[in-house]
Structure formats: C-alpha cells, structure tokens
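Remarks on the overall topology
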Amino acid sequence: MKIPNYEEAKKRSHEKTSIRNFELDNDYKNIGLNKTYFLKTYGCQMNEHDSENIKGMLDGMNFREVLNMEDANFILLNTCSIRENAHNKAFGMLGRIKHLKEEKPNLKVALCGCMAQEEGVVKEILKKYKFVNFVFGTHNLDDLPRLLANSFKEQKLNIEVYSKEGDIIENMPLERESKYKAYVNIIYGCDKFCTYCIVPYTRGSQRSRRHEDIIKEINELVKDGYQEVTLLGQNVNAYGKDLYEDYELADLLLEVVKTGIPRIRFLTSHPWDFSDKLVEVIKNNKSILNFVHLPVQSGSNRILKLMGRRYTKEAYKELFDKLKSIDGISITTDIIVGFPTETEEDFKETLDLVNYCKYDSAFTFIYSPRENTPASKLEDTTPLEVKEERLYRLNELINKYSKEANLKMIGSEYDVLVEGESSKEGMLFGYTETNKLVNFKGNKDSIGKIVKVKILDAKSFSLDGEEV
Ligand code: 5AD
Ligand code: SF4
C-alpha cells in the first residue's frame, strides 16, 4: 500500500530523471485470455494518450476491449482532477460500478489518472469504495499488468500511488485511436504552479523526453503513413529546459520537420516560455501548422498576479501580436471566470482582452477550487449565479468572434486532413491546418488523406464545404 502525499508531490528536485524501457513480464501475457475490459477516460489529451498506452498493455495481456461496462471482466477509470465536475463524474461512475460489482463479485475494478494522485480521493476510496480492487497513479502507469494480475490472486484493495515522479518509460505498448494523426509526449509534468491548478501535484515535475527518442517515435509514425503529429505536454514551451543547456522546443520542431511528417502541432503553450525563435520557426516552416493554443486565463493584471501566471496582459498582447503577424494563423485560448476576488471590473478587462484578440475559439471555465492549491485558500465571496452570468457573457463574445473568423473562410479552399465519415448523413469530416472542424461532401477514398475543401457555410463551431 502506497498512499499519495501532497508535501512530497510539491517537492522539486534537480536530479535528472532516469529512463528505462517497458517490458511486459511473460507471466502476465495470458492473464486476459477470454477476458474483457472497459476503459473510461476523462480529461485532457495527456489522459487520452495514457489510455492509448493502457490499451496497448491490456492488449499485450490478451484482454479484449468492450464498449459496454456491463460486459466487462475488468473496469478501469482513467480520471481527471482539473475541475470538480470531472471529479464528480468519476465518483458517479464508481457508484454505478458498485451495483455491478454486487451482481458480479468477480469483476475487477481499478482507478488511475490524476484523481488517484489526490490524498483526499484515496481517503474517500478507502472509506466508501472498498470494493475497488486497486488504484495506481500517473507515475506508475506501467505497473498496471502486475497490479491487475495480483488482483486475480488477492481480493484486498491495493493502493499504489507514488507522489514522487518515477522514471520516463520508453517503448510503452500503444494502441493509437487514429491511423492518421498521433499524439507524442515530449514533456511530462509542470513546474509552473499556477495557484488554481492541481496539475503540478498530480503530474509531477517537468521532465522532457530525449529528443532522439521523440524523433525515433515520429519516424515510425511516418513509416506507418501517419499524416499528423501533436507534440504533447502540459507546457510544451518548457521543453528541454530540464534536460539540455541549449535545446528548446523550436529546435525540436525543426528536427520533427525533417522527419517529413506532413502536419505538426504542439499543445499546450504557456505564454511565459514562448521564445522569439519559436515564433520564427512556426512562421518559416509550412508543416508546423499555423495554430497556437495560448491560454490567457484572465485579462486583469491583478487576477493574473493572484493566479501566479508570471505575465501581464500587456506582455500577453505583445506575444499575441507577434504570433498574429504570421499569415493565416489561428490562436485559441483558455479563460477562467470567477477566480477568487474577481470583480466586475476585472471581468470587464477579460472581455476587453477578448475584444482585442478576437480568438478563433476558446475553452472557458468557472473557477473550481482544487484540494491543497494556494487559490483554494483565498476567500471567495462571489455568488455562483454571478459567475454563471459572467461565463454566459464571455461565451457570447467568444462565439461571436469564432463565427466571424469562420465566416471569413467562406468561398476559399483549405487543406483538410480527412478523418472519416461525419455524423451528418453522406458527409465526411476533418480538420483544417488551423484546427477547424469541417463537414463536407467528398469521396470516401479521401479518408486518411489531406485534400482541398472549399468552404460553403460557417457556424461558430464548424464549417461546411465540398471537396474540390
Ligand atoms: N478551475 C477552473 N479551470 C481550471 N483550469 C485549470 N485549473 C482550473 C481550476 N481550478 C483550466 C485552465 C487551464 C485548462 C486546462 O483548465 O484554463 O488552461
Ligand atoms: Fe496548470 Fe499552469 Fe501548469 Fe498549465 S501551466 S498545467 S495551468 S500549473
């Protein structure tokens, strides 16, 4: 039994992270014969990508995936901690699973992901959800085969969550969701400690993968016919800082360009680490797509300071303008409303900033206090109705600019990577270089390829068109 501990999770050491290769013990390879699993993933792309590794490991153990949890012998929840509603959804699911387990006592149940790293969650599982078989954290994903094998021998709830991040594990088995576009982790964890955010505690310190390992993975994707790669990290712009003297995200991107993969994205960027070199590299390389997700969080300098964001709105606008000078670029953002002590004046400054940036789109959230974060200790007197009303006004403005940006595309042709048949009858769907969803009339043979699509109509969240 190893229980998470926030004090340990907060520590940052300067030791270099060690790297090791994943190996699946022969003893575990047939554990899943004639058995099925149901995996539910909550949260961000990082979790989605972890789930691709989880599926790879379960496949290696001969488990078969089912899409109905009632049909499964093993249920795994890969959870998210970022806001309370993600939390509540996972606990709601555990409630449903409890009933299933009463009917099927041999059912194995496990929980992993960010919630597993929270002291409070683990305490609650130990108290109220004893039927769970095991819990493991974000730092020991590779322990899944051993823990699952043990659960068939032992009935007792086992918690194995490490608060100190472990090694970087290379060559994890992987079952990718898409045959055309792939996620590739380049950096794990985050050292920014924005005061509202739980990620630095649940995902540990900033650790970059070696660039040669990343390039090797992308070369394989190219060989397999992949068209697009998204370089993933909580803050990809910090890439290399923990590992190299003089090698940053811009250098990595230039190496990725040389692999010949047609489309390169990266996600997410913190404005603090956005170098001029990176702006130039995006500008000068066609395969690095003209799309940057640049979370601003607030337009008030007072709130930005309380959030520990390390920039002012003036510095943000300066960076925004540099990026906007790149022809055809699309910039999106994240905004939190109702941060403790946010006044109507502060909120209006956020609206002013949105009016300045006219984002292509944005994810907007009501602030949600997270266990043990500095912001959760601030007094928060703004009523929920006021926060909801601010969110509504913000969304109206964001949607207006999204639609305006989309309307400008009508009549022009854009490259679209075709991902499959759309939910709209007889249509295909895909994404432009600027990450806009397009539903269009086209030839099914185009699936998996990059084709030209003429835009015929535009809404706030998607475009309609026809293949040229
Ligand atoms: N409450 C609300 N939104 C949050 N985010 C992160 N932490 C919180 C929180 N405690 C948002 C930020 C971040 C995005 C991934 O989630 O906007 O950029
Ligand atoms: Fe959280 Fe800030 Fe790190 Fe993003 S940069 S993961 S918001 S601490």
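Residues numbered from 1 in each chain as written. Chains lettered and ligands numbered in written order. Predicted model: local features only at pLDDT ≥ 70, side-chain atom pairs only at ≥ 80, totals over all residues. Heavy atoms only, no water.

This part is about the pairing of strand β17 (residues 413–421). Note on strand geometry: in a regular strand, side chains alternate between the two faces of the sheet. As paired elements, β17 and strand β20 (residues 450–458) share five bridges and run antiparallel to each other. Within the sheet, the bridge partner assigned to D415 lies in β20 and is K452. Where β17 folds back on strand β18 (residues 428–432), the antiparallel hairpin that results is connected by six residues, among which G426 adopts a positive phi of roughly 75°. (Pairing = 2+ DSSP bridges. Helix = DSSP H or I, 4+ residues; strand = E, 2+ residues; numbered from the N terminus.)

Counted as a void, the second largest pocket has a volume near 680 Å³. The set of elements that each furnish at least two residues to the lining of the second largest pocket consists of α2 (45–60), β8 (168–170) and α7 (211–223). Among the elements that line the lining of the second largest pocket, the one with the most residues is α7, at five residues. Residue composition of the lining of the second largest pocket, grouped by class: eight nonpolar, 11 polar and 14 charged. (1 Å grid on protein atoms, 1.4 Å probe; cavity = no way out; pocket = protein on both sides within 12 Å on 5 of 7 lines; lining within 4 Å. Points joined across faces, edges and corners; volume = space filled by probe spheres on them. Nonpolar A, V, L, I, M, F, W, Y, C, P; charged D, E, K, R; others polar.)

A surface patch of negative charge is lined by E70, D71, E102 and E103. One can find E102 in helix α3 (residues 84–103). Judged by its relative accessible area of 58%, E102 is exposed. (Patch = residues over 30% accessible without salt bridge, like charges linked within 9 Å, V, L, I, M, F, W, Y side chains within 5 Å. Areas by Shrake-Rupley, 256 points an atom, 1.4 Å probe, with all protein chains shown as cover. Salt bridge = Lys/Arg side-chain N within 4 Å of Asp/Glu carboxyl O. Lys, Arg positive; Asp, Glu negative; His and termini not counted. Charge placed at Lys NZ, Arg CZ, Asp CG, Glu CD. Buried < 20%, exposed > 50% of the residue type's maximum accessible area, 1.4 Å probe, protein only.)

Taken together, five strands build a closed barrel; the order of strands is β17-β18-β19-β21-β20 and the barrel is mixed. Sheet twist, expressed as the average angle between the axes of neighbouring strands with direction ignored, equals 50°. Sheet topology note: the β18/strand β19 (residues 437–441) ladder contains four bridges and is antiparallel. Note on β19: the bridge partner recorded for G430 is V438. (Axes fitted to C-alpha atoms, helices over the stretch in contact; angles between N-to-C directions.)

Here the focus is the site of ligand 1. Taken together, I82, R83, Y196, Q297, D334, I336, F365, I366, Y367, S368 and R370 make up the full set of residues near ligand 1. Within the side chain of R83, a nitrogen or oxygen atom sits 2.9 Å from an oxygen atom of ligand 1. The separation between a nitrogen atom of ligand 1 and a polar main-chain atom of Y196 is 3.0 Å. Looking at the shell around ligand 1 residue by residue, the class counts come to six nonpolar, two polar and three charged. (Near = heavy atom within 4 Å. Polar contact = N/O pair within 3.5 Å; in protein donor to acceptor, adjacent residues only side chain to side chain.)

With the exception of glycine, most residues fall at negative phi, and the peptide bonds are largely trans. Here L267 and T268 are connected by a cis peptide whose omega angle stands at 0°. Looking at the element boundaries, T268 is found in the loop between β13 (263–267) and α9 (276–284). Positioned with a positive phi, N34 is a non-glycine residue whose angle comes to about 60°. N34 sits in the exposed class, given a relative accessible area of 80%. The backbone of N435 sits at a positive phi, close to 70°, despite the residue not being glycine. On the secondary structure map, N435 appears in the loop between β18 and β19.

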